[in-house]
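So the chains spell out like this:
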Amino acid sequence: MTSTASPSRKSLSKIACNRLQKELLEWQVNPPAGFKHKVTDNLQRWIIDVNGAPGTLYANETYQLQVDFPEHYPMESPQQRPSDNDRYVKNCRNGRSPKETRWWFHDDKV
């Protein structure tokens, strides 16, 4: 995996790149239940399939999240949003754009 990024994003710092490679390896060895990382060549942008929770109206559905890691991750938090952003914004009950949502990650082992 490389740290290539879109032209509007800065490439990852060495610390961020090392941290993401470690987290990705840990994810592949011990994946969280209900989540699947889709392999791409962009370490800075993860696409994650999320299974709907059993016993809810989301059961038996799969949703995609796009997680964009900033240049100075983990000191800056990644941004997450549904891959189909337009459909999500139209159906978002609280009226907030997913671009305003931040995903915080904390790992005591690192």
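Residues numbered from 1 in each chain as written. Predicted model: local features only at pLDDT ≥ 70, side-chain atom pairs only at ≥ 80, totals over all residues. Heavy atoms only, no water.

As recorded by an unreviewed UniProt entry, the protein chain carries the name Ubiquitin-conjugating enzyme 16 and is attributed to Actinidia rufa.

## Description of the nonpolar core
Membership of the largest hydrophobic core comes to 13 residues, with the highest contact counts inside it found for Leu12, Leu20, Leu43, Trp46, Ile48 and Phe69. Those elements that place two or more of their residues in this core are helix H1 (14-29) and strand E2 (45-51). At 5 residues, the largest contribution of residues to this core is made by H1. Setting aside residues up to four positions removed in sequence, Leu20 forms contacts with Leu12, Leu43, Trp46, Phe69 and Tyr73. (Core = buried A, V, L, I, M, F, W, Y, C linked by side-chain atoms within 4.5 Å. Buried < 20%, exposed > 50% of the residue type's maximum accessible area, 1.4 Å probe, protein only. Helix = DSSP H or I, 4+ residues; strand = E, 2+ residues; numbered from the N terminus. Contact = heavy atoms within 4.5 Å.)

## Observations regarding H1
Each full turn of the α-helix corresponds to 3.6 residues, which orients residues three or four apart in the same direction. The end-to-end C-alpha distance of H1 is 23 Å, a good match for the 22 Å that 16 residues give at a rise of 1.5 Å each. What H1 keeps buried is the set Ala16, Cys17, Arg19, Leu20, Glu23, Leu24 and Trp27. Buried residues in H1, looked at end-on, bunch into an arc of 165 degrees, giving them a common side. Opposite the buried face of H1, by more than 90 degrees, sit the exposed residues Lys14, Ile15, Leu25 and Val29. Packed against the buried residues of H1 are strand E1 (35-38) and E2. (Expected span 1.5 Å × (residues − 1). Arc of directions from axis to C-beta.)

## Remarks on the side chain of Ser13
Looking at the element boundaries, Ser13 is found in the segment before H1. Within polar-contact distance, the side chain of Ser13 engages the backbone nitrogen of Ala16 at 3.1 Å. Ser13 has contacts with Glu71 and His72, leaving out every residue within four places of it along the chain. (Polar contact = N/O pair within 3.5 Å; in protein donor to acceptor, adjacent residues only side chain to side chain.)

## Structural notes on the packing of aromatic side chains
Inspection of every chain in the model, using the stated rule, returns 4 aromatic pairs. Taken together, a centroid distance of 5.1 Å and an interplanar angle of 65 degrees make the contact between Trp46 and Phe69 edge-to-face. Pair noted here: Trp46 is in strand E2 and Phe69 is in the loop between strand E3 (62-68) and strand E4 (79-82), with a separation of 23 residues, a long-range link. Just as Trp46 is buried, Phe69 falls in that class too. (Phe/Tyr/Trp six-rings, centres within 6.5 Å; stacked < 30°, edge-to-face > 60°.)

## Topic: the sheet that holds E2
With antiparallel pairing, 4 strands are arranged side by side in an open sheet as E1-E2-E3-E4. A strand with exactly one partner marks an edge of an open sheet, and here the two such strands are E1 and E4. Averaged over neighbouring strand pairs, the angle between their axes works out to 30 degrees when direction is ignored. Bridge count for E3 against E4 is 4 bridges, and the pairing is antiparallel. By the bridge assignment, Gln66 is partnered in E4 with Arg81. (Pairing = 2+ DSSP bridges. Axes fitted to C-alpha atoms, helices over the stretch in contact; angles between N-to-C directions.)

## Comments concerning the confidence of the model for the protein chain
For the protein chain, per-residue confidence averages 75 on the pLDDT scale, and residues scoring 70 or more make up 66% of the total. For the protein chain, per-element mean pLDDT is lowest for helix H2 (residues 85-91), which scores 46, and highest for H1, which scores 92. Below pLDDT 50 for its whole length, residues 1-7 participates in 20 contacts with residues either more than four positions away or in separate chains. When the criterion is pLDDT under 50, residues 101-108 qualifies, and its contacts beyond four places in sequence or with other chains add up to 15 contacts. (pLDDT = per-residue confidence, 0-100.)

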